[in-house]
Amino acid sequence: MNSRNCIIVGTGPAGYTAAIYAARANLAPLIIEGNQPGGQLTTTTEVENFPGFPNGIDGPQLMENMRKQATRFGAEFMATLATSVDLKKYPFKVTLEDGQTITTKSLIVATGASAKYLGIPHEKELIGKGVSACATCDGFFYRNKIVHIVGGGDTAMEEATFLTKFASKVFVIHRRDSLKASKAMQERAFSNPKIEFLWNSTVSKILFDQAGVTGIELENLKDGSKKERKTDGLFMAIGHQPNTNFLNKQLALDDHGFIKTHEGPYTSVEGVFACGDVQDPHFRQAISAAGSGCMAAIAAERFISSKM
Ligand code: NDP
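It should be emphasised that the depicted structure is a prediction, and the values quoted were computed from it without experimental measurement.

## Considering the domain arrangement of the protein chain
Much of the literature gives interface size as the accessible area that the parts lose upon coming together.
Moving on, step 1. The domains assigned to the protein chain are domain 1 (2-114 + 240-307) and domain 2 (131-236).
Moving on, step 2. Domain 1 and domain 2 are separated by 32 Å when their C-alpha centres are compared.
Moving on, step 3. In this complex, domain 1 contributes 6 residues to the contact, which on the side of domain 2 involves 6 residues.
Moving on, step 4. Among the residues of domain 1 in contact with domain 2, E48, R284 and Q285 are the three that bury the most area, contributing 50% of the side total.
Moving on, step 5. In this assembly, domain 1 and domain 2 are joined by 0 salt bridges.
Moving on, step 6. For the pair domain 1 and domain 2, the interface holds 1 residue pair in polar contact (both at pLDDT 80 or more).
Moving on, step 7. Along the lines of polarity and charge, the residues of the side of domain 1 that touches domain 2 split into no nonpolar, 3 polar and 3 charged.

## Structural notes on the state of the cysteines
Moving on, step 1. Per the counting criterion, the structure on display carries 1 disulfide.
Moving on, step 2. In this model, C134 is linked to C137 through a disulfide, with the two sulfur atoms separated by 2.1 Å. Here the S-S torsion is close to 75 degrees, and the disulfide linking C134 with C137 is therefore right-handed.
Moving on, step 3. What makes C137 partly exposed here is its relative accessible area of 29%.
Moving on, step 4. We note that C6 lacks a disulfide partner, and the nearest cysteine sulfur, in C275, lies 9.7 Å from it.
Moving on, step 5. Cysteine C294 remains unbridged, with the sulfur of C275 as its closest cysteine sulfur at 9.9 Å.

## Considerations on the sheet that holds strand β15 (residues 212-220)
Moving on, step 1. Here we have 3 strands laid out as an open sheet, ordered β14-β15-β16, and antiparallel in their pairing. Sheet topology places β14 (201-209) and β16 (226-230) at the edges, where each strand pairs with a single neighbour. In this sheet, neighbouring strand axes are inclined to one another by 30 degrees on average, regardless of whether the strands run parallel or antiparallel.
Moving on, step 2. In this structure, β15 lies alongside β16, joined through 5 bridges in antiparallel fashion. Following the sheet pairing, G215 is matched in β16 by K230.

## Considerations on the site of the ligand
Moving on, step 1. If you check the shell around the ligand, you find 17 residues, and the closest are G152, D154, T155, R175 and R176.
Moving on, step 2. Within the side chain of R175, one N or O atom sits 2.9 Å away from an oxygen atom of the ligand.
Moving on, step 3. In this structure, K180 approaches the ligand through a side-chain N or O atom, which is 3.0 Å from an oxygen atom.
Moving on, step 4. Contact with the protein chains covers 75% of the free accessible surface of the ligand, which is 910 Å².
Moving on, step 5. Among the elements that line the shell around the ligand, the one with the most residues is helix α4 (residues 154-163), at 3 residues.
Moving on, step 6. In the shell around the ligand, the residues fall into 4 nonpolar, 8 polar and 5 charged.

## A short note on the pairing of strand β6 (residues 82-86)
Moving on, step 1. Pairing of β6 with strand β7 (residues 92-96) involves 4 bridges; the strand directions are antiparallel. Following the sheet pairing, A82 is matched in β7 by L96.
Moving on, step 2. Hairpin connection, β6 to β7: the antiparallel pair is bridged by 5 residues.

## Things to note about helix α6 (residues 286-307)
Moving on, step 1. Here α6 is 22 residues long and its end C-alpha atoms lie 32 Å apart, about the 32 Å a rise of 1.5 Å per residue gives.
Moving on, step 2. Along α6, the positions that sit buried rather than exposed are A286, A289, A290, S292, G293, C294, A296, A297, A299, A300, F303 and I304.
Moving on, step 3. Here the buried face of α6 lies against β1 (2-9), α1 (13-24), β8 (101-109) and β19 (272-274).

## Some words on the sheet that holds strand β13 (residues 195-198)
The strands making up a sheet associate through backbone hydrogen bonding, with each pair oriented either parallel or antiparallel.
Moving on, step 1. Read from one edge to the other, the open sheet built from 5 strands follows the order β10-β17-β11-β12-β13, with strand pairing classed as parallel. Unpaired on one side and paired on the other, β10 (131-132) and β13 mark the two borders of the sheet.
Moving on, step 2. On top of the sheet, α4 reaches β11 (146-150), β12 (169-173), β13 and β17 (233-236); it is set at about 170 degrees to β11, its chief contact.

## Focus on the pattern of salt bridges
Moving on, step 1. Enumeration according to the criterion identifies 5 salt bridges in this entry.
Moving on, step 2. Where E33 meets R67, a salt bridge forms, and the shortest distance between an N and an O atom there is 3.0 Å. With E33 in the loop between β2 (30-32) and β3 (46-47) and R67 in helix α2 (residues 59-72), this pair connects stretches of sequence that are 34 residues apart.
Moving on, step 3. We classify R67 as partly exposed; its relative accessible area is 23%.
Moving on, step 4. Note that D86 and K89 form a salt bridge whose closest N and O atoms lie 3.8 Å from each other.

Calculation criteria
Residues numbered from 1 in each chain as written. Predicted model: local features only at pLDDT ≥ 70, side-chain atom pairs only at ≥ 80, totals over all residues. Heavy atoms only, no water. Domains from an automatic or database assignment. Contact = heavy atoms within 4.5 Å. Buried area = accessible area lost by both parts, 1.4 Å probe. Salt bridge = Lys/Arg side-chain N within 4 Å of Asp/Glu carboxyl O. Polar contact = N/O pair within 3.5 Å; in protein donor to acceptor, adjacent residues only side chain to side chain. Nonpolar A, V, L, I, M, F, W, Y, C, P; charged D, E, K, R; others polar. Disulfide = S-S within 2.5 Å. Buried < 20%, exposed > 50% of the residue type's maximum accessible area, 1.4 Å probe, protein only. Pairing = 2+ DSSP bridges. Helix = DSSP H or I, 4+ residues; strand = E, 2+ residues; numbered from the N terminus. Axes fitted to C-alpha atoms, helices over the stretch in contact; angles between N-to-C directions. Near = heavy atom within 4 Å. Areas by Shrake-Rupley, 256 points an atom, 1.4 Å probe, with all protein chains shown as cover. Expected span 1.5 Å × (residues − 1).

Here's what the structure looks like:
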């Protein structure tokens, strides 16, 4: 059976950064790329807030650069999925989609979290063309524009408030007539003159032309009536789903399914580390994910050294 020092599952900024650090620490890491190599940033256009790129950089290019950097130090990539793990015995076992099993002395989980979408036609193909699930990443492109944001939780309130720095008007679309968000976040949004709420409503259709989103069809969930509205951007803030199914509940998770970590990257199982969005419901930035990937690799290296 194939045996490794370090397996990293996932290839967003967290996984790639962990790969760079683990490779430079001579752990010869094996990286399981997953079904979207490069992660969420491969679906964005320009990234303007990653330090070191004064003129911004394309998301896919940034990810390709990180991959090359990890490869230069000997990281090995496998274009496959990890379908299950066995963390009950040591060394740990990782099973791949072709049934192959690999043992490893340390495991870094960097599988990210997938933004939830509404499931309406065309929303995925319009990501980067007016549809976004990250106001912090894309808000800047909506200066003096009209935007709509879907959701009633803390993320929706935080992102709606953030969007008012750029947009001329922010409409919050919520499916009920009261918010799930904390009182403090609600009040901040209610008192912002640029934010208006559209209650008991959902987006039933996205209107677009070749350049991207031009409007939405809004459905009133009380009476079923539908109305078209102009918008330049449609933001989704209806939660994130951490990608943890393959762990089969062998790591402690919080109420929303994020991996519980302590003192940085440490999980409930010694020798297993988590980094990036799979353990972070709060910040979800490429740079914070990359930072936590660095911590996970250093922790893995220390753990393996302590076993020698
Ligand atoms: P939440 O799960 O808390 O909220 C999701 C919101 O989206 C809810 O209002 C929900 O509606 C709505 N929603 C879900 N599915 C759909 C759908 N299919 N169509 C329409 N609306 C939908 O997710 P958040 O991302 O807001 O927050 C996640 C966690 O992160 C929470 O614990 C939150 O407190 C925390 N957080 C904290 C922040 C802070 O403290 N600064 C900032 C951001 C997040 P409904 O209300 O009807 O269920």
